[in-house]
Amino acid sequence: MAVDGVPLDDKAKKMRDLLASFYSTDHTSSSNSSSASSKYATLDAINTPSFDPDQYMNLLVQKSNLEMLLQRHVEMAAEIKNLDTDLQMLVYENYNKFISATETIKRMKNNIVGMEANMEQLLEKILSVQSRSDGVNTSLFEKREHIEKLHRTRNLLRKVQFIYDLPERLGKCIKSEAYAEAVRFYTGAMPIFKAYGDSSFQECKKASEEAVAIIIKNLQGKLFSDSESIQARAESVMLLKQLDFPVDSLKEQLLEKLEQSLSDLQLKFGVVSESSPNPDESAKQESTVSIPASHEVSTREFVEAIRAYRIIFPDSEMQLIKLSRDLVAKHFYTIQQHIKQQISSVDFLGSLRLIWADVLLMDEVLPEASLPEFSVEPANLAVKQYIDNAFSHLLQDISDSLMKVQIRQRETATEDHPLKVVLEASKKAVIQGSMGVLLDFRQLLDDSLGLLLRLRDLLIDWVQEGFQGFFRMLYDRFLLISGRTNLISHDQVSTEGIPGDKIVAGLVLVLAQLSAFIEQNAIPRITEEIAASFSGGGTRGYEHGPAFIPAEVCRIFRSAGEKFLHLYINIKTQKVSVLLRKRFTTPNWIKHKEPREVHMFVDLFLQEVEGARSEVRQILPEGASRKHRRTESNGSTGSSRSNPLRDDKLTRSNTQKARSQLLETHLAKLFKQKLEIFTKVESTQDSVVTTIVKLCLKSLLEFVRLQTFNRSGFQQIQLDVQFLRTTVKDAVEDEAAIDFLLDEVVVAAAERCLDPIPLEPPILDRLIQAKLEKTREQKLVSS
């Protein structure tokens, strides 16, 4: 490097030329290229092969001021010092290596001194040992040859003696059933028999072949004996193969024997039942799976047989795969048949663990069968069937608890609240049964069995879909029990529909309240449990059915509760309508006699009303009822139909005046404010009973309008209605509507009467009091 334009000294140029020649660079060409690219040079070109110090210095002076030049000078001086230090360290390191190599060479030279003399002494000793060994061999040669000859003769005599003793040895092996040793002896003598069997050892060969024929016969018998183990049969095949027996002809027969042995490996379930004094409990009792202790031993024998057959029959792999898969399929088929009974999740898990253990054992010796993957599909079906059967049993339990209503009705005399007992039992069956199946499904979900881990997402989907389908089937079952549908197959539902004329009204009322309980209590609790334990899934598409949708289920059972409540009211009303039809179609109202007492149909009507009150009191809540008196109902106090019949105008004996009252009644209709009679039915005692009474009175009104009465007939209707007015008002909440309907009945009878002269109030009161007194006496006698 030059400073202030001073040229490089000769030593620096010589060093640069040496470096250029070492790296095969052409200084001339580099000079030319540097001159050609001088106008493109930069300060960063100092580390390039074409570095020109003069040009670099000129460029540095042009682009830098004095301060920058001084700074660059300091930086380059520091770099030069670092490079000198690095070079010095390299020189020191190489110098140390040279010193170490020199010392090593010196030590080697000192160690080699004297080795040549030692090697010469060793050679002399080796030659001396060799000469003496040759002398010993020469002196002992003849004796050694003689000894070897005698040894060969001895071995030959032993073989000859073995050949002569072979028939006797084979006979002893046959007696002791040591067939493996017999085969080993005979196969060892086979080369001698092949060489000398037709000459020197003909008799021995014949006797040995007779013994071998017995051995082959015994091995075949052992092979096909059911009392022998599978390993013993496989050993027999191996021995026959060593005797050059055509074992391929026995392969099919042996595989058939192995297939027959699968029956011993099938799962066997035993039901352990404990005596229970309650037949209902014994019927619900869970079965206990009893697996034989020898099952694991039999499975291991089967696995060992597969391992042996693969060695004996290398081409039997496909048959063995088929047998192993058939065994797994039979295991799952046995479980599916057992699932049809009501088994616990513990028993079901125990069966799955046992099958999975068998699958893993067989997969170790026959991985080509892919048994773990093959087991997924039948396990899928078994788990799905278990879940479906759990819901089916739950559905049947709820149905059984409901169908006990008929039994409870017959036991009413000894039981105060039969419907309440059945309703509570049904609620218990729904909520505890649902929690029970959820607990069983949770045990399946939490189990660490590899087979179930593969089905985890599917299991969650099945549980959610199962509850959705269960509540739909439960709704259909409710409809079937109530006699509202015949669309459900009897194959799917074990409880047949009840004909409409044999339906127990109390059962329909229980269904109404149970539907409300399911909507308000059961569905929210089940939803919480599913959200806590069975969230996720979603591997199955919507085409397989919707997941559990609580809002839809609540809507279904809310509607069902209303339907069953109306059905109960209709059943009660229809029963009264039958009484009314008989009442009004039997007598001749034109020739009716004078009324002497309240008619018997009124007693029957009141009995039906009291029966309805008794049933609803057991199940329905009282509710915030409010008696609607006549003064509280719009238009009832000014009822133009009823007032003319209750005041003293009815005492007129003139027919013309009575008919003029009817004319006034019709005119009053135009100005009377309408009274709402039929309102929405609520799930309370008073609302249901009131609705039943209203509908019955409406039916009574229609039957009255279809008849024509004489004076006595009209008076009989008047008497019956007045008695009903006295007795029914305590059983209903809307007294105004009841009074209105009763007035309508009287007015309709008057309209249909040829001579509408009513009873005088004193006579009417006397007959009603007589009936009330008679009713009280009958109650005292019955109590």
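None of the values given here were measured: they were computed from a predicted structure. (Residues numbered from 1 in each chain as written. Predicted model: local features only at pLDDT ≥ 70, side-chain atom pairs only at ≥ 80, totals over all residues. Heavy atoms only, no water.)

**Student:** Hey, could you run me through the overall build of the chain in this one?
**Tutor:** Scanning the chain from terminus to terminus reveals 27 helices and zero strands. Here the chain holds 783 residues, and the buried ones make up 40% of them. Across the chain, every contact between residues at least 6 apart in sequence was considered, and the portion connecting residues at least 24 apart equals 78%. Only carbon and sulfur atoms are counted for the fraction: they give 53% of the accessible area of the chain, which is about 45500 Å². (Helix = DSSP H or I, 4+ residues; strand = E, 2+ residues; numbered from the N terminus. Buried < 20%, exposed > 50% of the residue type's maximum accessible area, 1.4 Å probe, protein only. Contact = heavy atoms within 4.5 Å. Areas by Shrake-Rupley, 256 points an atom, 1.4 Å probe, with all protein chains shown as cover.)

**Student:** Would you explain the nonpolar core in this entry?
**Tutor:** Considering soluble globular proteins, one finds that nonpolar side chains tend to be buried as a cluster. Counting residues in each nonpolar core, the largest one holds 147 residues, and the members touching the most others are Ile398, Phe467, Phe471, Phe478, Ile518 and Tyr568. Core analysis: the next-biggest nonpolar cluster, separate from the first, contains 28 residues, Ile163, Ile174, Phe185 and Phe313 among them. (Core = buried A, V, L, I, M, F, W, Y, C linked by side-chain atoms within 4.5 Å.)

**Student:** What exactly am I supposed to notice about the environment of Arg456 here?
**Tutor:** By secondary structure assignment, the location of Arg456 is in helix H18 (residues 456-482). C-alpha separation for the pair Arg456 and Gly536, spaced 80 residues apart in sequence, amounts to 9.6 Å. Polar contacts involving the side chain of Arg456 include one to the main-chain carbonyl oxygen of Leu445, which spans 3.1 Å. (Polar contact = N/O pair within 3.5 Å; in protein donor to acceptor, adjacent residues only side chain to side chain.)

**Student:** I'm lost on the pattern of salt bridges in this one. Help?
**Tutor:** Should the charged atoms of two oppositely charged side chains come close, the side chains can pair. What the rule picks out here adds up to 21 salt bridges. Note that Glu744 is salt-bridged to Arg705, the shortest N-O span being 3.8 Å. You can see Glu744 sitting in helix H26 (residues 735-751) and its partner Arg705 sitting in helix H24 (residues 685-705), a full 39 residues away along the chain. Overall, Arg705 belongs to the partly exposed group, its relative accessible area being 36%. Between Arg725 and Asp743 there is a salt bridge, and its shortest N-O distance comes to 2.9 Å. With Arg725 in helix H25 (residues 711-728) and Asp743 in helix H26, this residue pair connects regions lying 18 residues apart in the sequence. (Salt bridge = Lys/Arg side-chain N within 4 Å of Asp/Glu carboxyl O.)

**Student:** Please explain unusual backbone geometry as it appears in this structure.
**Tutor:** Trans peptide bonds make up most of the peptide bonds, and negative phi angles are found at most residues other than glycine. One non-glycine residue with positive phi stands out, namely Glu177, at about 60 degrees. Relative to the assigned elements, Glu177 resides in the loop between helix H5 (115-176) and helix H6 (179-196). Classification of Glu177 by relative accessible area gives exposed; the value is 54%. The backbone of Ser370 shows a phi angle near 50 degrees, a positive value even though the residue is not glycine. With respect to the helices, strands and loops of the structure, Ser370 is situated in the loop between helix H14 (345-365) and helix H15 (371-410). By relative accessible area, which is 30% here, Ser370 ends up partly exposed.

**Student:** Quick question: what am I supposed to make of the packing of H5 against helix H7 (residues 202-223) here?
**Tutor:** Angle between the axes and distance between the axes: these two values describe a pair of packed helices. Orientation of H5 relative to H7, taken along the N-to-C sense of each, is 20 degrees, at an axis distance of 8 Å. Here H5 is positioned roughly parallel relative to H7, judged by the angle of their axes. Here H5 and H7 pass one another in a crossing that is left-handed. Seen from H5, the contacting residues are Ile163, Tyr164, Leu166, Pro167, Leu170 and Ile174; seen from H7, they are Cys204, Ala207, Ser208, Ala211, Val212, Ile214, Ile215 and Asn218. Of the residues that constitute the contact of H5 with H7, the class distribution is 12 nonpolar, two polar and no charged. (Axes fitted to C-alpha atoms, helices over the stretch in contact; angles between N-to-C directions. Parallel < 35°, antiparallel > 145°, perpendicular 65-115°, else oblique. Left-handed = near helix turned anticlockwise from the far one by under 90°. Nonpolar A, V, L, I, M, F, W, Y, C, P; charged D, E, K, R; others polar.)

**Student:** Whenever I open this one, the packing of aromatic side chains confuses me. Can you help?
**Tutor:** Any pair of aromatic rings gets described here by the distance separating the centres and the angle formed by the planes. By the definition in use, this model includes 18 aromatic pairs. With centroids separated by 6.3 Å and ring planes inclined at 35 degrees, the aromatic side chains of Phe471 and Phe548 adopt a geometry described as tilted. Linking Phe471 in helix H18 with Phe548 in the loop between helix H19 (505-533) and helix H20 (550-585), this pair joins segments that are 77 residues apart in sequence. This pair shows no difference in class: Phe471 is buried, exactly as Phe548 is. Between Phe584 and Trp589, the aromatic rings sit 5.5 Å apart at their centres with planes inclined by 25 degrees, giving stacked as the arrangement. Judged by relative accessible area, Trp589 falls into the buried class, the value being 2%. Ring pairing ties together the aromatic residues Phe348, Tyr386, Phe391, Phe441, Phe467, Phe470, Phe471, Tyr475, Phe478, Phe548, Phe557 and Phe564, which thus form one cluster. Across the ring face of Phe185, the terminal group of Arg169 is positioned such that the distance to the ring centre comes to 5.6 Å. (Phe/Tyr/Trp six-rings, centres within 6.5 Å; stacked < 30°, edge-to-face > 60°. Lys NZ or Arg CZ within 6 Å of the ring centre and 35° of its normal.)

**Student:** Help me understand H25 in this model?
**Tutor:** Taking 1.5 Å of rise per residue, 18 residues should cover 26 Å, and H25 covers 25 Å from first to last C-alpha, within 8% of that figure. Most of H25 is tucked away, with 14 of its 18 residues classed as buried. By the N-cap criterion, in which a side-chain oxygen at the helix start approaches the backbone nitrogen of a residue two or three places on, H25 is capped by Asn710, the distance to Ser712 being 3.4 Å. (Expected span 1.5 Å × (residues − 1).)

**Student:** Whenever I open this one, the environment of Glu203 confuses me. Can you help?
**Tutor:** The residue Glu203 is located in helix H7 in this model. Here the alpha-carbon distance between Glu203 and Pro167, two residues 36 residues apart in the chain, equals 9.8 Å.

**Student:** Got a minute to help me understand the side chain of Ser401 in this structure?
**Tutor:** With respect to the element layout, Ser401 can be found in helix H15. Overall, the relative accessible area of 10% leaves Ser401 in the buried class. Here the side chain of Ser401 touches Ser426 through a polar contact of 3.3 Å, side chain to side chain. Residues contacting Ser401, with those up to four places away along its chain left out, are Val422, Ala425, Ser426 and Ala429.

**Student:** Looking at this structure, how should I read the packing of H19 against H20?
**Tutor:** Running from N to C, H19 and H20 point in directions that differ by 165 degrees, and their axes come no closer than 8 Å. Between H19 and H20, the angle falls in the class roughly antiparallel. When the axes of H19 and H20 are compared, the crossing they make is left-handed.

**Student:** Can you help me understand H18 in this one?
**Tutor:** Along an α-helix, a turn takes 3.6 residues, which lines up residues three or four apart on a common side. An ideal rise of 1.5 Å per residue puts 39 Å on 27 residues; H18 measures up with 39 Å between its terminal C-alpha atoms. Of all the 27 residues making up H18, 20 are buried; the element is thus mostly covered by neighbouring parts of the structure. Immediately beyond the C-terminal end of H18, within one or two residues, lies Gly483, with a positive phi of roughly 80 degrees.

**Student:** Please clarify how the environment of Gln607 should be interpreted in this entry.
**Tutor:** Counting through the fold element by element, Gln607 comes out in helix H21 (residues 600-619). Take Gln607: its relative accessible area is 53%, and that puts it in the exposed class.

In short, geometric facts, not functional conclusions.
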